Amino acid sequence: MSHIVIIGCGVVGAAIAYELSLVPGLKITVLDKQPPAQGATGAALGVLMGVISHKIKGKVWRMRQFSIQRYETLIPELEALTGRKIPFNRQGILMLCPEGENLADWEKLAKIRSSQGWKLEIWDTAQLKVNCPQLNCEEMTAAIYSPQDRQVDPVALTLAMVDAARSNGVTFHFGVTIEGYDLNSTLQNQPLEIKNTNVAKIDQLPLLENVDWLVLAAGLGSSQFQLSNQAWATPQSANNVSLKSLPVTENCPQFHTETKQIVNIKPVLGQAIHIQLSCLLGNPNFQPVITGDDVHIVPVGGGEYWIGATVEFPTDQEIGEPAKLEAVMAKAKAFCPALAAATVIKTWSGLRPRPENRPAPIIERLQGSNILLATGHYRNGVLLAPATADAIRQMIVADEIEF
Ligand SMILES: Cc1cc2nc3c(=O)[nH]c(=O)nc-3n(C[C@H](O)[C@H](O)[C@H](O)COP(=O)(O)OP(=O)(O)OC[C@H]3O[C@@H](n4cnc5c(N)ncnc54)[C@H](O)[C@@H]3O)c2cc1C
């Protein structure tokens, strides 16, 4: 029986754990330094921009499409298994188009989506006013309505996946910080030994022997993981971390003691706000996510809405300033003036895991090793969690069959 250890229990790690728990004959352990859904997942708005995205082909579109389809079965499946309610908005996403927007591009995209079996509607301002009377259409030229896109509560979803995976036999350990692992044992088809785990908890982890696959789903924390010197001690493996050339001993002339970061993930801060209104915005029977000027208004029930989020890079000045969130709120009020009457329930922020110098996300097998990377999902980790879990499942199952 293969033993799979997943590091990280945000939406990505939890989705992988649940998906793998459906494969017979796997032993699965999930480790996280915190309780589940505390990292970026705990801050996310859960907007699932699949059909309405501009991606039309290749892996990025396939992943979005897979996730959008999988969510339709995943949510009822998890609710039935766990008895938990997962807030899942099936009323679509409405994207507002300001003056000057190239509608021809949207018309082209709508045709492509139709050929792919998806719907995308282009509404003129008259239609927009009828369907969403709460909106100020003065500076709008049109709106794009994507009825098959969704929004999900990321924390409720993650907790349900943890429960469901646990009931399928997955073991979870929270409060366990993994600081590194022994590279010598990351050779393909060799048992993996995780070391430097949190000392206080190590006694509870005898099960970390004989690990066949390590899945790194630690989001921003993935950057802390390093390959030790032996991985690139030989010239031919310097760039591609070819572990097959191991073992290298201290007598080897090329031996040196540096370490190499596995992935470089940088934080991009997002601030958001939870507000309350005395009544629902617009038509009570039509409460889609509304997006304008890269700001989402997300209905969460009972006249409450999440609004966000800022996108603040490490190189920006004055990161995390309340003024940045106020600017987001001002944008939202510009297209939805009724928000001026809102009471603030809370504000929060989180760090999106963005890969440095390469596209998001990173889902791959670290060459020559039994380490699988499922990280760096940046702005779309909730959307892409089901597709990521499926990709990881396929890598493991394909290898098991081959082996
Ligand atoms: C404000 C905001 C709004 C967002 N809105 C959306 C949205 O609308 N739609 C969308 O799809 N995405 C959205 N995102 C992005 C989304 O939140 C992330 O892409 C996603 O949560 C990444 O999930 P993850 O599981 O990879 O990472 P995380 O949720 O960060 O989980 C990683 C886990 O790994 C653990 N960990 C890290 N290091 C270690 C270690 N050494 N040992 C043990 N455990 C470790 C952490 O404790 C954490 O629990 C938003 C993000 C923010 C901040």
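Residues numbered from 1 in each chain as written. Predicted model: local features only at pLDDT ≥ 70, side-chain atom pairs only at ≥ 80, totals over all residues.

Draft legend 1. Spotlight on the site of the ligand. Taken together, 43 residues are adjacent to the ligand, and G10, G39, G219, G221 and G381 come closest. When contributions to the shell around the ligand are tallied by element, the ones reaching two or more residues are helix 1 (11-21), strand 2 (26-32), strand 15 (265-276), strand 19 (343-355) and helix 8 (381-402). Residue composition of the shell around the ligand, by class: 20 nonpolar, 19 polar and four charged. When residues of the shell around the ligand are sorted by domain, at least three fall in each of domain 1 (2-49 + 156-225 + 357-402) and domain 2 (84-150 + 266-353). (Near = placed C-beta within 6 Å. Helix = DSSP H or I, 4+ residues; strand = E, 2+ residues; numbered from the N terminus. Nonpolar A, V, L, I, M, F, W, Y, C, P; charged D, E, K, R; others polar. Domains from an automatic or database assignment.)

Draft legend 2. Representation of the packing of helix 1 against helix 5 (residues 154-167) within the structure. Relative to each other, helix 1 and helix 5 sit at 35°, their axes nearing to 8 Å. Here helix 1 runs over helix 5; the crossing is left-handed. Residues V11, A14, A15, A17, Y18 and S21 of helix 1 form the contact with helix 5, whose own contacting residues are P154, L157, T158, M161, V162, A164 and A165. Per-class residue counts for the contact of helix 1 with helix 5 are eleven nonpolar, two polar and no charged. (Axes fitted to C-alpha atoms, helices over the stretch in contact; angles between N-to-C directions. Left-handed = near helix turned anticlockwise from the far one by under 90°. Contact = placed C-beta atoms within 7 Å.)

Draft legend 3. Broad picture of the confidence of the model for the protein. Per-residue confidence for the protein gives a mean pLDDT of 87; residues scoring 70 or more make up 83%. Note that residues 183-193 has pLDDT below 50 and, in this model, 31 contacts with residues that lie over four places away or in other chains. Of the regions scoring below 50 in pLDDT, residues 229-257 engages in 49 contacts with residues more than four places distant in sequence or in other chains. (pLDDT = per-residue confidence, 0-100.)

Draft legend 4. Seen up close, the sheet that holds strand 6 (residues 121-123). An order of 6-7-5-16-17-18-15-19 is seen for the eight strands of this open sheet, with the pairing classed as mixed. What marks the edges here is a single partner per strand, and that holds for strand 6 and strand 19. Taken over all neighbouring pairs, the strand axes of this sheet differ in orientation by 20° on average, direction set aside. Pairing analysis gives five bridges linking strand 15 to strand 18 (residues 304-308), with the strands arranged antiparallel. The partner of Q276 across the bridge, within strand 18, is E304. Across the sheet, helix 3 (residues 103-115) touches strand 5 (93-98), strand 6 and strand 7 (140-146), and the angle it forms with strand 6 is around 150°. (Pairing = 2+ DSSP bridges.)

Draft legend 5. Structural detail: helix 2 (residues 58-82). Here helix 2 is 25 residues long and its end C-alpha atoms lie 35 Å apart, about the 36 Å a rise of 1.5 Å per residue gives. The sharpest bend along helix 2 reaches about 35° and sits at Y71. The complete set of buried residues in helix 2 reads M63, R64, S67, I68, Y71, L74, I75 and L78. (Expected span 1.5 Å × (residues − 1). Bend = angle between axes of the 7 residues up to and from the residue. Buried ≥ 20, exposed ≤ 12 C-beta atoms within 10 Å, placed from the backbone.)

Draft legend 6. Up close: the sheet that holds strand 9 (residues 171-174). Taking strand neighbours across the sheet as the criterion, the six strands line up as 9-2-1-12-21-20 in an open arrangement whose pairing is mixed. The sheet is open, and its two borders are formed by strand 9 and strand 20 (362-365), each paired with just one other strand. The average undirected angle you get between the axes of adjacent strands in this sheet is 15°. Where strand 20 and strand 21 (residues 371-375) come together, four bridges link them in antiparallel fashion. The residue of strand 21 that forms the bridge with I363 is A374. Running at roughly 165° to strand 2, helix 1 makes contact with strand 1 (2-7), strand 2, strand 12 (213-216) and strand 21 of the sheet.

Draft legend 7. How the structure looks around helix 3. Between the first and last C-alpha of helix 3 there are 19 Å, a value that for 13 residues agrees with the 18 Å anticipated at 1.5 Å per step. At the exit of helix 3 stands G117, carrying a positive phi of roughly 90°.

Draft legend 8. Here's a closer look at the nonpolar core. Residues I16, A17, M161, V215 and I307 are the most contacted members of the largest nonpolar core, which totals 111 residues. Among the elements that make up this core, the one with the highest residue count is helix 8 (nine residues). Taken together, domain 1 (2-49 + 156-225 + 357-402) and domain 2 (84-150 + 266-353) each give at least three residues to this core, which thus spans both. Sequence-distant contacts of A17, defined by excluding residues within four places in its chain, comprise I6, I28, V30, M161, A165 and V170. (Core = buried A, V, L, I, M, F, W, Y, C linked by C-beta atoms within 7 Å.)

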